[in-house]
Each structure stands twice: as structure tokens, then as C-alpha cells.
Amino acid sequence: MALPPPEVRRGVPFQNLVAGIGRVFRVHPNTLELDMKTKLFDSSTRCDKIAAFVSHSWGSPGYQKYFSLLIYEAGLPAMVAAMVAGLAMLLGQKFGRKLPFMVVEGAFDPVFEVYQESQPWEFLCSFLVGITVFVTYPLYGPVVREKLFFLDCMCIHQTDIEKKMAGIKGLGGFVLMSERLYIMWDQDYFSRLWCVYELAVYKALHPGKNNVDILPLRGSVAVLLLIPIFFAGFLLYIILFPSVAQWGIYTFYAAAMAASCVVFTGAAVAGYDFADQLVVLEKQLEEFEVRSAQCFAPEDRAEILSKIEGMYEGDLDMFNHIVRNDLKNNVLGIIRCTPTQVLPYKTLMTGLIAVIGFQFFGIAWFRDSNSETFVSFTIYMITFAWAMMPLITSICMQHGEKLYLKHPPPTGEAGLKKALQRNKWRYLKIGTTGAAAFILLWTSLAFVAPLAAANSREGEPFLGLFGPAAALPISVATCAPAFAAIWWSFRAPRKGKGKAQVEAGEEDAAGAAAGAAAGAGAEGGAGV
């Protein structure tokens, strides 16, 4: 497969790809005036390498594509910024000037007593900086790391017929130039003929490589919902805790359980909702019939089918078989690396960005306490933020998915609100179970026990066994398994028999696909 001619090779900078809150995804290019179509092409630039080939269906919601790309590209920078801001505020107050704070007394009576300070500055600073970086990333992100993307309607000329045909004929070369494939997936994706074709050609031209990224569009909605829910829950806890702490440790457990129930119940709802999309996807792939797949431009249909026949020895049923078996296993394996994963770790942590600031808020509680208390609780809060919170959230989402399989919605029913009305008590059961495991079990072992040992009175070790020297070993012993669990839950899949079979099929099809792709176009973007 040859690369397109130099004058045809085009890529779109990220800031242009998502300009106007994803305007290019929200407005179909075929509905634009000629001058606007020309401006689309002018927003791309000549290049020799493309970071990602963006494959999508024009029938999918444009705003979800925008947020999916923003989460995928800006999620990690936002988390790093939130981490740096929270840590800077913590160290600035510990070793410099303290901002206003409240001394909390009696919070853990009658188990133990410890000096504790409460103030929201680390939490607010971390969250606000992280969200600011997330929202403004399209403005400055490309300056830090220039990445070019292929989007059909911006890289293939829309008004000059000669340039347009050159771009269409060079589609296979664009695929070859692209380091990764971004699939903007929802339930319409695999019902679109060109979408399936783009994926098949990409995998054929990049056999054996794990370079396909699934960006579930409904997942972006879940992330956007998780951000304010976690922020509001943590902020409410920060505000109320100093007022109720004087009533003792039982109040701490009650408040923590209530907040956790809300968060994890919401995770179950999100998992149920997302399961609807996964079931549709699997069914689409199992029942795939290339002759029934839809195409935005009817005149393209015969040409596309002819190209696919050329790839698969003139037999469309052979292509159907590959999609229903090898491609299905490959795609589902990309989306669901492990049984407990519903969203990838980075995507999930973007939704939980508030937990990064809450981590530093908690560490600041004991910044002036004894070293055993400070170190043990710091280990607890790091584990809380980066292991246990995403782990329990993911597990609750998974149980929401299992709930969908056990109690699917009635035929014809659609919408989150109706599902919530039917399953509210089931959701609450999942959320309560997750909160109990998180607070009553793990927090008791990893938080209360080490601090009780660290602050035991002389001659009165905790439970008659554990003195201050035992605080750190208890903390490490109860927190280390959480990191092992989070790694297991979000680990990359091992290369097994099924994956090897898929890769073998891809390599067999590579030669035919490369030849056929040279004459292929892109559905919506080429405007054909």
C-alpha cells in the first residue's frame, strides 16, 4: 500500500477538530454552504504522519463525540494538573502559611483521640485547576504536544472534484499513515457500512497491533455525570463533617456511608445504562449482514460492496463471517479487557477527578499530628483515591450491567428515567453493598485501625495488642492488596488463542484489503 501523494496528505490539529464545541461533528458537511465546506478543508494541514484516524457514524450525537475526544485527549493532563495543584497547596500550607481552618474535636471518640484540622483549600484548588485544564485543553494542548488527526470531511476536499477524488482514492494511504484508530462508538456504528469497512481495512493494514481505541459515546455521558456528582458529594462532606464530628466515630461512619451509597448507586445506574449499548453492539456483530448495512449516500452502496467483494474473493458471506466471529471477538476484547472493567481506568478517573483533591484534603487533616498518624493516613488516602474508589465504582458499574442482563427493560422501553423508576431499589442495593465494603470493611481496617494504634495511650494499646509502632505495618498490609486488585481489574488482556486467531485472519486479509482500500472513500466526510 502506497502513501497518498504529498499534496493529498492532510491532518487536522486537535484545536481545529474540536473547535466550536465539536461543531464539525454536530453539523453534517453535506448541509453546509460551499464556502463553509472549503473552510473545513482549510482547517487541515499537510503532514507525513497522522496520530489517529477518527472513524464515526454521522447519525451519532455530535456533542458526545466532542466530549469523548476531550476526555480521551485531555483527561490525563487534567488529572496531572489537579495532582500538582493539590500537592502544591498541601505543601505550601504545611511548610508555609496556613489558610483559615477549623480544629475538629471528638471525631473518633471513643475509639481514639487525635489532633485534626479541616479546611477545603486543597480540594477546591485541585478540582478547579483540573477542570480548567480539562475545559481549556483545546486552546493550549496542541502547543504542548502537536497531534494531527484524520477526519474525512476535513482532510478530503468537499468542493473541488479533482482534489476530492484524489483524497477518496488515497483513503487506504491515510489508514496506513495513521498510528491509531479512534472508533467513536455507539449503537449506530456497526449498522453503518462505511464504519465497518474502515475498521476492517485498518485492522488488515495494521495486523497484530493493539492500536484501536474504542471511545464509547455513552461513556462520555457517564463521565460528565460522575464529575459533578463526586464533586458535590465530597464538598458536602467537607462542609458538614466539622459540624457533626463532635458526636463521635459513629457519625463519621454514618456520613461516609451515606455519601458512598449515593456515589456507588449512581455507578450502578451508569453500568445498567451502558450495558444497553454493549448488548446492542454484540447483537449487531453476531447478526451482521453487510448487504443490510446502511450508507448515507445510496450511490456509494454498489461501489462499497464491490470493494468488499474484492477484499474477500468475491464472497460477501466470507466478510460476514469475519465480522460475526473474528472482528466481534476483537472489538469486544478491546472494549472489555477484563470481566470487571466497564470503562478504561483513565476514562473512569477523569470522571472521578474530584477524588484527587479530596485525597489532599484528607491528608491535610493530620498534617500536624504525630508521624505515625500522618504517614499511615497518607498511605490510606492515596489508596483511597487511586485504587479503592475507582475499583468499587467499576465493580458497582459491572453489577449494574449484570442487573441489565437479569432484568432487561421491557420491549419498546427507552430512557434512563424509566429504568430508574423500575430498578431504584435494585440500584440502591448495589450501591449500599459497595458502600458497606468500602467504608465498614476496608476503611475500618485501613484507616481506623492504623490511626487507633498510632494514637493509643501509653499502656493502652489498641485492642490490647497494637501500639504506635504497629500503625505503619497495618496500613501497608491493608492498602497494598488494593493496588494489586486495581491492577488485576484494569490490566491489559493477555495474548490468548482467540486473539491469535484474529491476528492470523487479519494478516491473511491484509494484502487484499490494501489493494481494495486504495479506491475507497469515507462515508459522511467525503460527502459522497
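Residues numbered from 1 in each chain as written. Predicted model: local features only at pLDDT ≥ 70, side-chain atom pairs only at ≥ 80, totals over all residues. Heavy atoms only, no water.

**Description of the overall build of the chain**
To keep it simple, the criterion reads: Each helix is a run of DSSP H or I of at least 4 residues and each strand a run of E of at least 2, with the numbering of both proceeding from the N terminus. Categorising residues by exposure relies on relative accessible area from a 1.4 Å probe, with only protein chains included: less than 20% of the type maximum marks a residue as buried, more than 50% marks it as exposed, and the intermediate range marks it as partly exposed. Here, residues are in contact when the closest pair of their heavy atoms is within 4.5 Å. All accessible-area figures derive from a Shrake-Rupley calculation using a 1.4 Å probe, and residue coverage is judged against the displayed protein chains alone.
Per the secondary structure count, the chain includes 19 helices and eight strands. Considering the chain as a whole, with its 528 residues, one finds that 55% of them fall into the buried category. Look at the contacts in the chain between residues 6 or more apart in sequence, and 85% of them connect residues 24 or more apart. Total accessible area on the chain is roughly 22,400 Å²; 62% of this is exposed by carbon and sulfur atoms.

**Overview of the UniProt feature "transmembrane region" (unreviewed entry) in the chain**
In plain terms, the rule: UniProt positions are given in the numbering used here, feature names are shortened, and annotations may be inferred rather than shown by experiment.
When the UniProt feature table is mapped onto this chain, "transmembrane region" (unreviewed entry) is found at residues 69–92, 121–140, 221–240, 252–275, 348–366, 378–397, 427–453 and 465–490. As a span, residues 221–240 carries 100% helix and 0% strand, and end to end its C-alpha atoms are 29 Å apart. Summarising residues 252–275: 100% helix, 0% strand, and an end-to-end C-alpha distance of 34 Å.

**What about the side chain of Ser 376?**
Position of Ser 376 relative to the elements: it lies in helix α16 (residues 371–406). Sequence-distant contacts of Ser 376, defined by excluding residues within four places in its chain, comprise Pro 450, Leu 451, Ala 471, Leu 472 and Ser 475.

**Structural notes on the packing of aromatic side chains**
Defined as follows: Stacked, tilted and edge-to-face are the three classes assigned to paired rings of Phe, Tyr and Trp, where Trp is represented by its six-membered ring and a pair needs centres within 6.5 Å; plane angles under 30 degrees give stacked, over 60 edge-to-face, the rest tilted. In this analysis the charged atom, NZ for Lys or CZ for Arg, is taken to sit over a ring once it is within 6 Å of the ring centre and within 35 degrees of the ring normal.
Within the structure shown, the criterion is met by 41 aromatic pairs. Where Phe 14 meets Tyr 137, the ring centres are 5.8 Å apart and the plane angle is 65 degrees; that geometry is what we call edge-to-face. Highlighted residues: Phe 14 in helix α1 (residues 14–17) and Tyr 137 in helix α5 (residues 121–144), separated in sequence by 123 residues. Owing to a relative accessible area of 10%, Tyr 137 belongs among the buried residues under this scheme. Over the face of the ring belonging to Phe 374 we find Lys 94, whose NZ or CZ atom lies 4.7 Å from the ring centre. For the cation-ring pair, Lys 346 lies above Tyr 72, with the distance from its terminal atom to the ring centre recorded as 4.4 Å.

**Section: the packing of α16 against helix α18 (residues 471–490)**
A packed helix pair is summarised by two numbers, namely the angle formed by the two axes and the spacing between the axes. Spelled out, the test is: Axis angles are defined between N-to-C directions and span 0 to 180 degrees, where every axis is a line fitted to C-alpha atoms and, for a helix, only to the segment in contact. Angles are sorted into four bins: roughly parallel if under 35 degrees, roughly antiparallel if over 145, roughly perpendicular if 65 to 115, and oblique for all others. Two helices cross in a left-handed way if the nearer one is turned anticlockwise from the farther one by less than a right angle. They cross in a right-handed way if the turn is clockwise. Residue polarity is assigned by list, with Asp, Glu, Lys and Arg as charged and Ala, Val, Leu, Ile, Met, Phe, Trp, Tyr, Cys and Pro as nonpolar; anything else, Gly included, falls into the polar class.
Two numbers describe how α16 lies on α18: the axes approach to 9 Å, and their chain directions differ by 20 degrees. When the interaxial angle is binned, α16 and α18 end up roughly parallel. Once α16 is placed against α18, the crossing between them reads as left-handed. Of the residues assigned to the contact of α16 with α18, the class counts are 18 nonpolar, five polar and one charged.

**Concerning the pairing of strand β3 (residues 50–56)**
Put simply, the test is: In short, DSSP must find at least two bridges between two strands for them to pair.
Buried residues dominate β3, accounting for seven of its seven residues. Bridge analysis of β3 against strand β7 (residues 178–185) gives six bridges, and the strand direction is parallel. Looking at the pairing, His 56 lines up with Met 184 of β7. Direction of pairing for β3 relative to strand β6 (residues 148–150): parallel, over a ladder of two bridges. Considered in β6, the bridge of Ala 52 is made with Phe 149.

**Quick notes on the packing of helix α9 (residues 193–205) against helix α12 (residues 301–311)**
At a minimum axis separation of 11 Å, α9 and α12 run at an interaxial angle of 25 degrees. Regarding the angle of α9 to α12, the classification is roughly parallel. Pair α9 / α12 crosses with left-handed handedness. Note on element contacts: α12 touches α9 through Arg 301, Ile 304, Leu 305, Lys 307, Ile 308 and Met 311, opposite Leu 193, Trp 194, Tyr 197 and Val 201. Among the residues making up the contact of α9 with α12, the classes are represented as eight nonpolar, no polar and two charged.

**Brief notes about the sheet that holds strand β1 (residues 10–13)**
Across the sheet, which stays open at both edges, the six strands sit in the order β2-β1-β6-β3-β7-β8 with mixed pairing between neighbours. Each edge of the open sheet is held by one strand with a lone partner, namely β2 (45–46) and β8 (212–216). Where helix α10 (residues 217–244) meets the sheet, it contacts β7 and β8, and its direction lies at approximately 55 degrees from that of β8.

**Observations regarding the nonpolar core**
Note the cut-off: Put simply, a nonpolar core is a bunch of buried Ala, Val, Leu, Ile, Met, Phe, Trp, Tyr and Cys residues held in one set by side-chain atoms that sit within 4.5 Å of each other.
Counting 158 residues, the largest nonpolar core has Phe 384 and Phe 447 as its most contacted members. No other element matches the 18 residues that helix α11 (residues 249–286) contributes to this core. Those residues within four positions of Phe 384 in sequence are excluded, and the remaining contacts are Phe 234, Val 355, Phe 358, Met 389, Pro 390, Phe 438 and Trp 442. The next biggest cluster of nonpolar side chains, apart from the first, holds six residues, and it includes Ala 453, Ala 454, Ala 471 and Ile 474.

**Concerning empty space enclosed by the protein**
Keep this limit in mind: Using a grid of 1 Å spacing that covers the protein atoms alone, one calls a set of points a cavity when a 1.4 Å probe fits there but cannot get out, and a pocket when the set is open and has protein on both sides within 12 Å along at least five of seven lines; lining residues are those with an atom within 4 Å of a point. Grid points are joined across faces, edges and corners, and a volume is the space filled by probe spheres set on the points.
All told, the structure shown has two cavities of 30 Å³ or more when counted by the stated rule. For the largest cavity, the calculated volume is near 280 Å³. Lining the largest cavity are 23 residues, with Phe 234, Ala 256, Phe 358, Phe 384 and Ile 439 positioned closest to its centre. Counting only elements with at least two residues in the lining of the largest cavity, the list comes to α10, α11, α15 (354–365), α16 and α17 (416–454). If you tally residues by element for the lining of the largest cavity, the top one is α11, at six residues. Taken together, the residues of the lining of the largest cavity sort by class into 19 nonpolar, four polar and no charged.

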